[in-house]
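Residue-level structure breakdown
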Amino acid sequence: MITRADALVILLACGLVASTYAWLWSPGAPASQVRVISGNEEVARLPLNEARQLEISGPAGITVVEIADGAARCAASPGSQGICQSAGWLRRAGDMAVSLPNRVIIEVLGDESEFDSMNY
Amino acid sequence: MQLATTREDHLIAWLAALAIAVHVLEAAFPSPLPGIKPGLANVITVLVLVLYGWRMAAWVTGLRVLAGSLVIGTFLSPTFWLSAAGALCSLAALGLAHCLAGRALSPMGLCVLAALAHMLGQFLLAWWLFIPHASLLKLLPVLLTFSLIFGLVSGTMAVLMQRRLSPSA
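Per an unreviewed UniProt entry, chain B is named Heptaprenyl diphosphate synthase, and its organism is Ectothiorhodospira haloalkaliphila.

1. Topic: the overall build of chain B
Looking only at helices and strands, one finds six helices and zero strands in chain B. Listing every helix and strand of chain B by position from the N terminus yields α-α-α-α-α-α. Against the compact-globule benchmark of 15 Å for 169 residues, chain B has a radius of gyration of 16 Å, which places it among compact chains. Judged by the C-alpha coordinates and their principal axes, chain B covers about 50 × 45 × 30 Å. Expressed as a percentage of the 169 residues in chain B, the buried residues total 39%.

2. Looking at the overall build of chain A
The secondary structure content of chain A amounts to three helices and seven strands. Along chain A, helices and strands appear, N-terminal first, in the series α-β-β-β-β-β-α-β-β-α. In terms of C-alpha radius of gyration, chain A reaches 20 Å, well past the compact-globule figure of 14 Å for 120 residues. If you line up chain A on its principal axes, its C-alpha atoms span 70 × 30 × 25 Å. Across the 120 residues of chain A, 27% fall into the buried class. Taking all contacts inside chain A whose residues are at least 6 apart in sequence as the whole, residues at least 24 apart take part in 39%.

3. Concerning the interface of chain B and chain A
Listed as interface residues are 19 residues of chain B and, on the opposing side, 18 residues of chain A. The set of elements that each furnish at least two residues to the side of chain B that touches chain A consists of α5 (107-130) and α6 (140-165) of chain B. For the side of chain B that touches chain A, the per-class residue count stands at 14 nonpolar, four polar and one charged.

4. As for the UniProt feature "transmembrane region" (unreviewed entry) in chain B
All names here are of chain B. Taking the UniProt record as the reference, the feature "transmembrane region" (unreviewed entry) is found at residues 12-29, 41-60, 80-101, 108-130 and 142-161. The straight-line gap between the two end C-alpha atoms of residues 80-101 is 31 Å; of that span, 100% is helix and 0% is strand. Between the first and last C-alpha atoms of residues 108-130 the distance is 32 Å; the span itself is 100% helix and 0% strand.

5. A closer look at the environment of A44 of chain A
Here A44 of chain A is to be found in strand β2 (residues 41-47). Dropping the residues within four chain positions of it, A44 of chain A is found in contact with V36 and L54 of chain A.

6. Looking at the nonpolar core
If you look at soluble globular proteins, the nonpolar side chains tend to sit buried side by side. Ranked by internal contacts, the top residues of the largest apolar core, which has 47 residues, are V46, L110, C111, L113 and L116 of chain B. Among the secondary structure elements, those contributing two or more residues to this core are α1 (4-24) of chain A together with α1 (7-27), α2 (41-52), α3 (54-72), α4 (78-101), α5 and α6 of chain B. If near-sequence neighbours (up to four positions away) are discounted, C111 of chain B is found in contact with N42, V43, V46, G151, S154, G155 and A158 of chain B. With 18 residues, the next largest nonpolar core counts C84, L90, I105 and I106 of chain A among its residues.

7. Focus: α1 of chain A
For α1 of chain A, built from 21 residues, the straight-helix expectation of 30 Å at 1.5 Å per residue is met to within 8% by its first-to-last C-alpha distance of 30 Å. Turning to α1 of chain A, its buried residues number three or more, namely D6, V9, A13 and V17 of chain A. On an axial view of α1 of chain A, the arc spanned by its buried residues comes to 75°, and they lie on one face. Set apart from the buried face of α1 of chain A by more than 90 degrees, the exposed residues are R4, A7, L11, G15, S19, A22 and W23 of chain A. At its buried positions, α1 of chain A is contacted by α5 and α6 of chain B.

8. Let's talk about the sheet that holds β2 of chain A
The strands making up a sheet are joined through hydrogen bonds of the backbone, oriented either antiparallel or parallel. All names here are of chain A. Across the sheet, four strands lie side by side as β2-β1-β7-β6; this open sheet has antiparallel pairing. Looking at which strands have only one partner, the edges of the open sheet turn out to be β2 and β6 (96-99). Each strand axis lies, on average, 15° off the axis of its neighbour in the sheet, ignoring direction. Alignment of strand β1 (residues 33-38) against β2, held across six bridges, turns out to be antiparallel. Bridge pairing links V36 to A44 in β2.

9. A short note on α6 of chain B
An ideal rise of 1.5 Å per residue puts 38 Å on 26 residues; α6 of chain B measures up with 36 Å between its terminal C-alpha atoms. When α6 of chain B is considered as a whole, its buried residues turn out to be L140, L143, L144, F146, S147, F150, G151, S154, G155, A158 and V159 of chain B.

10. Brief notes about unusual backbone geometry
A positive phi is found at D69 of chain A, a non-glycine position, where the angle reads about 50°. Relative to the elements of secondary structure, D69 of chain A occurs in the loop between β4 (61-68) and β5 (71-76). D69 of chain A sits in the exposed class, given 10 other C-beta atoms within 10 Å. A positive phi is found at L76 of chain B, a non-glycine position, where the angle reads about 65°. Within the secondary structure, L76 of chain B is located in the loop between α3 and α4. For L76 of chain B, a count of 10 C-beta atoms within 10 Å translates into the label exposed.

Rules used throughout
Residues numbered from 1 in each chain as written. Chains lettered and ligands numbered in written order. Predicted model: local features only at pLDDT ≥ 70, side-chain atom pairs only at ≥ 80, totals over all residues. Helix = DSSP H or I, 4+ residues; strand = E, 2+ residues; numbered from the N terminus. Rg over C-alpha atoms; globule rule 2.2 N^0.38 Å. Buried ≥ 20, exposed ≤ 12 C-beta atoms within 10 Å, placed from the backbone. Contact = placed C-beta atoms within 7 Å. Nonpolar A, V, L, I, M, F, W, Y, C, P; charged D, E, K, R; others polar. UniProt positions renumbered as here; feature names shortened; annotations may be inferred. Core = buried A, V, L, I, M, F, W, Y, C linked by C-beta atoms within 7 Å. Expected span 1.5 Å × (residues − 1). Arc of directions from axis to C-beta. Pairing = 2+ DSSP bridges. Axes fitted to C-alpha atoms, helices over the stretch in contact; angles between N-to-C directions.

Have a look at this one:
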């Protein structure tokens, strides 16, 4: 039969599962800066509060990165399927757009940059 | 050459064989998501723990992970390491719970504990070694939900089996 200790364990387990939903499925913090990686090198790290445009050249052509209204996006990229552009505006810390043909990664980071740099 | 074997060795071998059979049978079932499977071999581990103690349970589980992977063909592959990490964590949790709570916990509680510990162990290894990306964390709640459900299912089975095995209890 189920004992009291069992009931306690099951309750705690339900609590643990529920708290992982609350903890891990909450939306990320707003991003504050953008990091652009081309090949293996970080080529730019800029704050998101200044609107500007960057042109990153890679093996396939030029990827245009646009920064505006606290977000960044891939405005144009040589990839034939537009995967980089379709990632849209990156606003939440951890969002990223990737152009594989041009070997460019556009990633927005939050204030807790330690966590991001450790995990990406 | 013949090795001297004890009665306990034979018992461990029989129980491990049973656990391996369950493990291999289960590997044949398709899984909806990587990492999710019922973990029915858990039932054997928990029952051995309750009936014969932690040392036997550790032997049976260790042999099951090792020989099971040899039979399925995943020995030393990522699957094997995930399985081993899960088994290690679940054995640690079971040992601790058995030590602290003793008879207060029935196989039901032990199975739930073991299932969650197994999932956490293999998830942490996967996150640390194979896919160190924060997005993987989004999967954890789903995986834990399934392990809770399967823990309850295997717990029910273990309770029913224990009743058959020791009618006096």
